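# Remarks on the overall topology
Spelled out from the first residue to the last, the chains are:
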Amino acid sequence: MTTTIRHVNELPDWFDIRHYEQWEDKQPYDAVYAVDDRLWFAYLTYSICGIHPEDKDLLNDEGRLIMLNLLAETSMHPYQRIANDITTKLFHHSNETYHGEDYAHFRRKEEQEENAIDAAGLQEAERIIGGDSPVRKRDGVNHVTLWDVMDWMKESDGTIKEIEATSQRLADQYGWDIDSIRSAIQGHIPVWGSDGSDFLVVNDFPTIPAVLNRIENHLRSLPTRHNDADKARYSDVRKLFEYRVAAYADLKTWSHLVGCTITKKCLANALFPDGRYGEIDMMPSKTVGRFIQRVESGYIADLTAKAAEMKTMQT
């Protein structure tokens, strides 16, 4: 029988609405993406614990405890992304459940080694080219790296040889400088990264950070998953935080993991202890409930795109 939570004092000890109230100084895009992560976590636990009971082994008692501990830990910083942590912990738990502890230990060690190599690579790259030089960081925007160039040269060996032969032929035919000919031909051939990215220049100079920032914001605002920033409003981005959607998602996640339901009155009291909104407002046809329902139905993607246009939570 499902337990019904009717009073705030029945909620977990880790839940503190004050953590969710600290949002006005956050970077909009990152904070909204973090809310999206928490909504995804809520849907994931609902899917596994509710509508797909055949997957219950993914969250046995030990798995549920792992997820509950992660939820409690991350609730202190709700506007930091958690999707990677969730998937990593689930991945390792699944390995242990289906393949045994030794295999799970091997995969954890393998992942730790990969992360250590990646961190060392970044550190050494910064040392080699200097601290003031641009170094690729995993920020969601791909750049052409030296690896891409070396890989391109290997894959384009035939093209490079043809350029050299053509340069020599034209130098012999017209008496031109071979280096100038080679440069002229090479200057018309872009170097593409393995992901399709290229090295962008503006007015013959490598893209400066200010321009790159505009490009990043543009790329992030492009329609994805049928989203469209033009459909969203800046005020709705702020409503994500004013209506405590991250806190709502965390409580829903908790309820799925422990197998209970939370009344709308309890939710209202937990999210808005000052009484600003009440039980009626949490109804799907009312202020907060209608907004949350819309967000859960996909509007979060539009809001994430809109947040990429914002410099602060106020603009």
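Above this note sits the structure.
Quick summary incoming for the structure in this document. Worth saying up front: this structure is predicted, and the values here are computed from it rather than measured. (Residues numbered from 1 in each chain as written. Predicted model: local features only at pLDDT ≥ 70, side-chain atom pairs only at ≥ 80, totals over all residues. Heavy atoms only, no water.)

### Things to note about the overall build of the protein chain
The condition that has to hold: Here a strand is any run of E in DSSP of at least two residues, a helix any run of H or I of at least four, and the numbering for each starts at the N terminus. A 1.4 Å probe rolled over the protein chains alone gives each residue an accessible area, and that area as a share of the maximum for its type sets the label: buried under 20%, exposed over 50%, partly exposed in between. Where accessible areas are quoted, they stem from the Shrake-Rupley method and a 1.4 Å probe; at the residue level, only the protein chains shown are allowed to cover.
Secondary structure assignment for the protein chain yields 13 helices and four strands. When each of the 315 residues of the protein chain is scored for burial, the buried share is 35%. Accessible surface computed for the protein chain: about 19400 Å², of which carbon and sulfur atoms make up 52%.

### Focus on the nonpolar core
Where a protein is soluble and globular, its nonpolar side chains tend to be buried together. We count it as follows: Among buried residues, those of type Ala, Val, Leu, Ile, Met, Phe, Trp, Tyr and Cys that are joined through side-chain atoms within 4.5 Å constitute a nonpolar core. Whether two residues are in contact is decided by their heavy atoms, any of which lying within 4.5 Å being enough.
Among the nonpolar cores identified, the biggest contains 56 residues, and Leu 11, Phe 15, Leu 240, Phe 241 and Leu 271 are the most heavily contacted of them. Sequence-distant contacts of Leu 11, that is, excluding residues within four places in its chain, are made with Ile 5, Leu 251, Trp 254, Ile 262, Cys 266 and Ala 270.

### What to know about a nonpolar patch on the surface
For clarity, the cut-off: To count toward a patch, a residue needs a relative accessible area over 30% and no salt bridge; like charges are then connected within 9 Å, while nonpolar side chains (Val, Leu, Ile, Met, Phe, Trp, Tyr) are connected within 5 Å. For this analysis, a salt bridge means a side-chain nitrogen from Lys or Arg found within 4 Å of a carboxyl oxygen belonging to Asp or Glu.
A contiguous nonpolar patch, built from Leu 146, Met 150 and Met 153 and spanning about 340 Å² of accessible area, is present on the exposed surface. Along the polypeptide, Met 150 turns up in helix α6 (residues 146-155).

### Here's the deal with the state of the cysteines
For the record, the criterion: What counts as a disulfide here is a pair of cysteine sulfur atoms lying within 2.5 Å.
As enumerated under the stated definition, the model contains zero disulfides in all. Here Cys 260 is not disulfide-linked; the sulfur of Cys 266 is the nearest cysteine sulfur, at 9.1 Å.

### Some thoughts on the packing of helix α3 (residues 61-74) against helix α4 (residues 83-99)
Cut-off, in case you're wondering: Only the stretch in contact is used when a helix axis is fitted, and all axes are lines through C-alpha atoms; the angle between N-to-C directions ranges over 0 to 180 degrees. In what follows, roughly perpendicular refers to angles from 65 to 115 degrees, roughly parallel to angles under 35, roughly antiparallel to angles over 145, and oblique to any angle outside these ranges. Definitions for this section: a left-handed crossing has its near helix turned counterclockwise from the far helix by less than a right angle. A right-handed crossing has that turn clockwise.
Where α3 meets α4, the axes come as close as 11 Å, and the angle between the chain directions of the two elements is 160°. Taken as axis vectors, α3 and α4 run roughly antiparallel relative to one another. Of the two possible hands of crossing, α3 and α4 adopt the one that is right-handed. Side by side, α3 and α4 meet where Glu 62, Gly 63, Ile 66, Met 67 and Leu 70 of the first sit next to Asp 85, Ile 86, Lys 89, Leu 90, His 93 and Glu 96 of the second.

### As for the side chain of Ser 167
Secondary-structure assignment places Ser 167 in helix α7 (residues 157-174). Judged by relative accessible area, Ser 167 falls into the buried class, the value being 0%. Discounting chain neighbours no more than four positions away, the residues touching Ser 167 are Ile 178, Ile 181, Arg 182 and Ile 185.

### Considerations on the environment of Asn 95
Relative to the helices and strands, Asn 95 is located in helix α4. Using a relative accessible area of 6% as the deciding quantity, one classes Asn 95 as buried.

### Let's talk about unusual backbone geometry
Phi at Arg 244 is positive, roughly 55°, even though this residue is not glycine. Tracing the backbone shows Arg 244 in the loop between α10 (234-242) and α11 (245-258).

All we've got here are geometric facts, nothing functional implied.
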